[in-house]
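# Breakdown of the fold
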Amino acid sequence: MTGLEAKIPEGPLENKWESHKFSVRLVNPANKRKLRVIIVGTGLAGASAAASLGELGYQVDVFTFHDTPRRAHSIAAQGGINAAKNYHNDGDSVRRLFYDTIKGGDYRSREANVYRLAEVSLNIIDQATAQGVPFAREYGGLLDNRSFGGAQVARTFYARGQTGQQLLLGAYQALMRQVKTRTVRLHTRVEMLDLVVKDGRAIGIVTRDLVKGEIARHSAHAVVLATGGYANVFFLSTNAKASNTTAIWRAHRRGAALANPCFTQIHPTCIPASDEFQSKLTLMSESLRNDGRIWVPKNPGDDRPPEQIPEIDRDYYLERRYPAFGNLVARDIASRAAKRVVDAGLGVGPLKNGVYLDFADATTRLGRRTIEERYDNLFEMYNRITDEDPYLVPMRIYPAPHYTMGGLWVDYNLMTTIPGLYAIGEANFSDHGANRLGASALMQGLADGYFVLPYTIGDYLAGLLNEPPVPTDDPAFGPVEDEVGDRVRGYLATGGSRTVDWFHRELGKIMLDHCGMSRSAQGLEKALSDIPALYEEFKTDLRVLGTGEELNQALERAGRVDDFFELAMLMCVDAREREESCGGHFREEYQTEDGEALRDDVGFAHVSAWEWTGDAARPEVQNEDLVFENVALTTRSYK
């Protein structure tokens, strides 16, 4: 691996982004029409990037394995989007959002990237409002805000419980406008299965049509991956069933460094699993913690209906342990606290695997009409899934795998270690450290797509003027296409006895037990023994019915689970090597006397960037040291 060059601009933190925008090379409008960019993924990051680059005049090919960009998983981010507008005049600012993000990530993210994100947040709200996104408004007509975890100010803009969906519709209409003008070509039901690299530079991708099974080559001057995160490595997660790691993993195998893969987030506000055969989990928005109070019975075995348990017999454990933030502590803190009380035998519900999220006090204080205005669609969703009315009884929630802070390593320009290959949104590692603040995923996706990548990609493309894209009949494409075809045919030819989902479920159990909410050296060593054994069984006993020339979802999943196996090994290696606790990475050997994360800033204040060696269990690492000049490295406290 070549040295990691983060390319962070010189100068004061507040001036870095503005001075960098002035220093990058530009491409004039006439020349933009000669340059082609591939974008993989049409969620908030991908759709906004494709729309922006198309508007600028670039030729863009954008790919999605959905039948429409509107089905991207971004719609599931319900609760809101952060921005440092300070409309409530409660002390917010760009610097405070920057500080909250650094602190929320437990001091494991780059200062320069995070400050830029906080700066750009101001523009995102104006952009989305101009697109017609129906943000909630106060009585006087001004945009409203609410609080979210990890912050003591109200900075979260929202559209009831549909914020991600409404923002995606805004980006989607901008994207489709460019499709209409033919600056963007939209490829639906097409999945990227590999990256093509020539002379060390990304030049294209190989895809498979999910309806017809056709394998095709696509060439461009640059490739942008906006394919989201990899929480489905745990099988049960809040992610859409189709969310996967294949795009970034295949790029990793072609030479792109993968950074901090063990940094995964367990969301505290999900509906508990109802049985062992459940295929996914449902996220209840973190916005609910703004008005809901979380509690469990004080005494194990107290099976009374919640409304019959008096206040004296309730433990509002977050309010008790973290009085300054209460129910709005950062996600990793809230999740571990829930696990602690459930493990102590205080869980509620039929399987004793949940805690209560209670709106009785808020309903009494604000009135049911206000609660309906804020959360009615979320309450309706909960009611349909559980057949329980949260207006009458508390919700039951429990943590679940949700977001991945790790991803492809990128520099300040969002370029990976492969020149010409960019990663944006959740597909990269750059902004959230070891724990993402609630309502910041939408912020980062749109910041990267609308306001960062359109500037920084031009600096690279300016060096390719008057060079056409490498033609798809170039010898660099042939071997990659052959590998893709062989891999697809191999899944069909295995002829074993186990389904893809069986292997995925077994892998997920190993990962959740040993690399989930808590990790230990012993557990990680066991995982690194069990996963390769299960992987070998996958290779010899997988059974995929059907053919490769038709719609075959089992075949799709086979490739994705294959990549999850290799990713899982790297995640466990990364978690084993990081001998500290920070954010969502909680090593049981490294905790304070009262059970909080114990960082090691001398040994691990760095980004771990892993290189593919041909063996997922034996990668090579290179560290990027994190320099903190504007915030002090202190013990994170929400008390």
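What you see as residue numbers is a count from 1 along each chain, following the sequence as written. Local features in a predicted model are, by the rule used here, given only for residues with pLDDT of at least 70; side-chain atom pairs are given and counted only at 80 or more, and totals for whole chains, interfaces and linings are based on all residues. Neither water nor hydrogens contribute to the side-chain values; these are computed over all heavy atoms in the structure.

### Brief notes about helix 12 (residues 441–461)
Put simply, the test is: Consider a residue and the seven residues that end there alongside the seven that start there; fitting an axis to each set, the bend is the angle between those axes. Only DSSP runs of H or I reaching four residues or more are called helices, and only runs of E reaching two or more are called strands; each is numbered from the N terminus. Per-residue accessibility, obtained with a 1.4 Å probe over protein chains only, is compared with the maximum for each type, and a residue is labelled buried under 20%, exposed over 50%, and partly exposed between these values.
Considering bend angle alone, the principal kink of helix 12 is centred on V452 and spans about 55°; proline P454 follows within four residues of it. The element helix 12 is largely enclosed, with a buried count of 19 among its 21 residues.

### Structural notes on the domain arrangement of the chain
Note the cut-off: Domain delimitation follows an automatic or database domain assignment. Between two residues, a contact is recorded if the distance between any of their heavy atoms is within 4.5 Å. Buried area: the sum, over both parts, of the accessible surface (1.4 Å probe) that disappears when the two are put together. Any Lys or Arg side-chain nitrogen located within 4 Å of an Asp or Glu carboxyl oxygen qualifies as a salt bridge. Each polar contact in these results corresponds to two N or O atoms within 3.5 Å; when the atoms are within protein, one needs to be able to donate a hydrogen and the other to accept it, and residues that are neighboring in sequence are counted only if both atoms are side-chain atoms.
The domain architecture assigned to the chain consists of domain 1 (268–401) and domain 2 (477–602). Computed over C-alpha atoms, the centres of domain 1 and domain 2 are 30 Å apart. Opposite the 13 residues of domain 1 that make contact, domain 2 presents 12 residues. Across the interface of domain 1 and domain 2, roughly 860 Å² is buried in total on both sides, 50% from carbon and sulfur atoms. Along the contact surface separating domain 1 from domain 2 lie 1 salt bridge. Linking R321 and E596 is a salt bridge whose minimum nitrogen-to-oxygen distance equals 3.0 Å. For the pair domain 1 and domain 2, the number of links is 5 residue pairs in polar contact (both at pLDDT 80 or more). The set of elements that each furnish at least two residues to the side of domain 1 that touches domain 2 consists of helix 9 (331–346) and strand 15 (395–404). No other element matches helix 9, which puts 6 residues into the side of domain 1 that touches domain 2.

### Some remarks on unusual backbone geometry
At R182, a position not held by glycine, the phi torsion is positive, near 70°. Although it is not a glycine, A439 sits at a positive phi angle of roughly 70°. Inspection of the secondary structure puts A439 in the loop between strand 17 (421–423) and helix 12. The class for A439 is buried, based on a relative accessible area of 5%.

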